Amino acid sequence: MQRKKLSPQARLSAEDSDLFRQSVTGARPLLQDKIAPVSRASKKKARPTTTFSQNEQNLFFFSDGYEGFVTDGGSLSYVQQGDDPRLAGRLKRAEFQPQVILDLHGLTQLQAKTELAGLLAYCQQQQFNCACVVHGKGLGILARKVPNWLIQHPNVRAFHTAPKSWGKHGALFLLLKINQPDDEQRQ
C-alpha cells in the first residue's frame, strides 16, 4: 500500500488555516537595513612580529647548501658532538615532553626556515629545552631540509624522530641548550 504525500496545505485543517490567516493579518515585509554582517574574528593566533634584523640574525645559522645530514628514510637521530650520546634515545622514548610545537605544513622552504629560526629564538627567550617540529611527510622536501638546518644551530643538542603519538616520521623532537639570563650567570 502506497501513501500519497500530502502538500502542507492539505495537511492543515480548515480551522488551523483560518487561525494562521488571522495571526498574520496586517503583517508587512521587513525592510532591509543594509547593515553588513560583522565577520567573526579568526581563531588563528597572530604570529609575533619580528624585525628584519632579528630574522636575519636568527637565520644566520641556516645554510641551504649544507647537506651534513643524510636521511635513509628511517628514524632520524642526531646528538651534538661532545654531548651525552644517550640523549637521542631519551627523546625517542619521550622522556622529554615538548613545551612548544611548530607545525610547518604548507610552508615554503624560506617560510619554514624563518619559522624554525623563530622557534629556536622563542625557546631561548622562554627557557624551553624541548620542542616538537612537525614537518610532515608530503614530498619530503622539508623532511630533508629541517634536520640539515637543525644540526647547523649551536643551541640544538639533539633531535630524534618523534614517537608515533606525536607524528612519527612527520615530526622531530628537539632538545635545546638553554643559556641562562645574564642576571643568573653573574650569581
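Residues numbered from 1 in each chain as written. Predicted model: local features only at pLDDT ≥ 70, side-chain atom pairs only at ≥ 80, totals over all residues. Heavy atoms only, no water.

Colleague: Any chance you could break down the overall build of the chain for me, citing the residues and the numbers?
Modeller: Check the secondary structure of the chain and you find seven helices and five strands. Helices and strands appear in the chain in the N-to-C order α-α-α-β-α-β-α-β-α-β-β-α. The buried share among the 187 residues of the chain stands at 31%. Here the analysis covers contacts within the chain between residues at least 6 apart in sequence; of these, 73% occur between residues at least 24 apart. Roughly 13900 Å² of accessible area belongs to the chain as shown, and the carbon and sulfur atoms make up 52% of that amount. (Helix = DSSP H or I, 4+ residues; strand = E, 2+ residues; numbered from the N terminus. Buried < 20%, exposed > 50% of the residue type's maximum accessible area, 1.4 Å probe, protein only. Contact = heavy atoms within 4.5 Å. Areas by Shrake-Rupley, 256 points an atom, 1.4 Å probe, with all protein chains shown as cover.)

Colleague: Explain the confidence of the model for the chain residue by residue, including any values.
Modeller: In low-pLDDT regions, the fine details of the predicted coordinates are not to be read closely. When the pLDDT values of the chain are averaged, the result is 76; 70% of them are 70 or greater. pLDDT under 50 marks residues 182–187. Its contacts with residues more than four places away, or in other chains, come to one contact. (pLDDT = per-residue confidence, 0-100.)

Colleague: Outline the nonpolar core, listing residues and values.
Modeller: Leu116, Leu119, Val146, Leu150, Phe159 and Leu174 are the most contacted members of the largest nonpolar core, which has 23 residues in total. Within the residue set of this core, elements represented by two or more residues are β2 (100–103), α5 (109–126), β3 (130–134), α6 (141–150), β4 (156–161) and β5 (171–176). By size, the runner-up hydrophobic cluster in this structure holds eleven residues, among which are Ala158, Ala171, Phe173 and Leu175. (Core = buried A, V, L, I, M, F, W, Y, C linked by side-chain atoms within 4.5 Å.)

Colleague: Tell me what's going on with the packing of α5 against α6, and back it up with residues and numbers.
Modeller: Between two packed helices, what matters for the description is the angle formed by their axes and the separation of those axes. Across the interface, α5 lies against α6 with an axial gap of 11 Å and an inter-helix angle of 40 degrees. With respect to their mutual orientation, α5 and α6 come out oblique. Here α5 and α6 pass one another in a crossing that is right-handed. From α5, Gln109, Ala112, Lys113, Leu116 and Leu120 reach across to α6, where they touch Ile141, Leu142, Lys145, Val146, Trp149 and Leu150. (Axes fitted to C-alpha atoms, helices over the stretch in contact; angles between N-to-C directions. Parallel < 35°, antiparallel > 145°, perpendicular 65-115°, else oblique. Left-handed = near helix turned anticlockwise from the far one by under 90°.)

Colleague: Pulling in residues and values, what's your account of the environment of alanine 162?
Modeller: With respect to the helices and strands, the residue alanine 162 is situated in the loop between β4 and β5. What makes alanine 162 buried here is its relative accessible area of 1%. Separated by 70 residues in the primary sequence, alanine 162 and lysine 92 have C-alpha atoms spaced 6.4 Å apart. Leave out the neighbours within four places in its chain, and alanine 162 touches Lys168, Ala171, Leu172 and Phe173.

Colleague: Please provide a residue-by-residue account of α6, values included.
Modeller: For α6, the tally of buried residues reaches eight of ten residues, placing the bulk of the element in the interior. Where α6 is concerned, the buried positions are Leu142, Ala143, Lys145, Val146, Pro147, Asn148, Trp149 and Leu150. Residues of α6 that are buried in the fold lie against α5, β3, β4 and β5.

Colleague: Can you break down the pattern of salt bridges residue by residue, with the values?
Modeller: A complete count under the given rule lists four salt bridges for this structure. Here arginine 86 ties to aspartate 84 by a salt bridge, and the two come within 3.3 Å at their closest N and O atoms. Residue aspartate 84 is classed as partly exposed on the basis of its relative accessible area of 25%. Here the salt bridges do not stand alone but share partners, grouping Arg90, Arg93 and Glu95 into one network. (Salt bridge = Lys/Arg side-chain N within 4 Å of Asp/Glu carboxyl O.)

Colleague: Can you lay out unusual backbone geometry for me, pointing to particular residues and giving the numbers?
Modeller: Positive phi outside glycine occurs at alanine 94, with the angle close to 60 degrees. Within the fold, alanine 94 resides in the loop between α4 (87–92) and β2. Look at glutamine 127: it is not a glycine, yet its phi comes out positive at around 65 degrees. By the element assignment, glutamine 127 lies in the loop between α5 and β3. The partly exposed category is assigned to glutamine 127, whose relative accessible area is 31%.

Colleague: Any chance you could break down the pairing of β5 for me, citing the residues and the numbers?
Modeller: Of all six residues in β5, six are buried, a share of seventy percent or more. Neither face of β5 is open: one carries Ala171, Phe173 and Leu175, the other Leu172, Leu174 and Leu176, and all of them are buried. Where β3 meets β5, five bridges bridge the pair, whose relative direction is antiparallel. Among the inter-strand pairings, cysteine 132 is bridged to a residue of β5, identified as phenylalanine 173. Across five bridges, β4 lies against β5 in antiparallel orientation. Across the sheet, the residue bridging to valine 156 is leucine 176, located in β5. (Pairing = 2+ DSSP bridges.)

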